[in-house]
Amino acid sequence: MNTRETSAETDTVICSAKGCRAPAVWVLAWNNPKIHTPERRKTWLACEEHREYLSEFLGMRGFLKDVVTLAEWSATDH
Ligand SMILES: [Zn+2]
């Protein structure tokens, strides 16, 4: 049993936007009906700056299902 592991929940996650190294604060949950089953959720991570850009990208294609904060996403069971 490794006691150090239990406190390692706060890994820094990085924005999914190309070339961006900012820490992510948002989770964009999406689904492509052509390749995914309806209940399947793919996720992109976004920093404050790229949330709009990435959600627009997914929204235009009709893929976007949900935009939640990373804290909120982590708190729910997936
Ligand atoms: Zn970013």
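Basis of the calculations
Residues numbered from 1 in each chain as written. Predicted model: local features only at pLDDT ≥ 70, side-chain atom pairs only at ≥ 80, totals over all residues. pLDDT = per-residue confidence, 0-100. Contact = placed C-beta atoms within 7 Å. Helix = DSSP H or I, 4+ residues; strand = E, 2+ residues; numbered from the N terminus. Pairing = 2+ DSSP bridges. Axes fitted to C-alpha atoms, helices over the stretch in contact; angles between N-to-C directions.

> Help me understand the confidence of the model for the chain, please; the structure alone is not making it clear to me.
Where the model shows low pLDDT, its predicted coordinates should not be examined in detail. With 86% of its residues at a pLDDT of 70 or more, the chain shows a mean pLDDT of 89. Note that pLDDT drops below 50 for residues 1–8; the model gives that stretch zero contacts with residues more than four away or on any other chain.

> What is the right way to read the environment of Val27 from this model?
Its location among the elements puts Val27 in strand β1 (residues 26–30). The spatial distance from the C-alpha of Val27 to the C-alpha of Cys47 is 9.0 Å, given a sequence separation of 20 residues. The residues touching Val27, leaving out its near neighbours within four places in the chain, are Thr43, Leu45, Val68, Leu70 and Trp73.

> So what exactly am I meant to see when it comes to the sheet that holds strand β3 (residues 64–69) here?
Within a sheet, each strand pairs with its neighbour through backbone hydrogen bonds, oriented either parallel or antiparallel. Read across the sheet, three strands follow the order β2-β1-β3 without closing on themselves; strand pairing throughout is antiparallel. The two strands at the open ends of the sheet, each matched to only one other strand, are β2 (42–46) and β3. Strand after strand, the sheet turns through a mean of 20° between neighbouring axes, direction not considered. Note: β1 against β2, five bridges, orientation antiparallel. Looking at β2, one finds that Val27 is bridged to Leu45.

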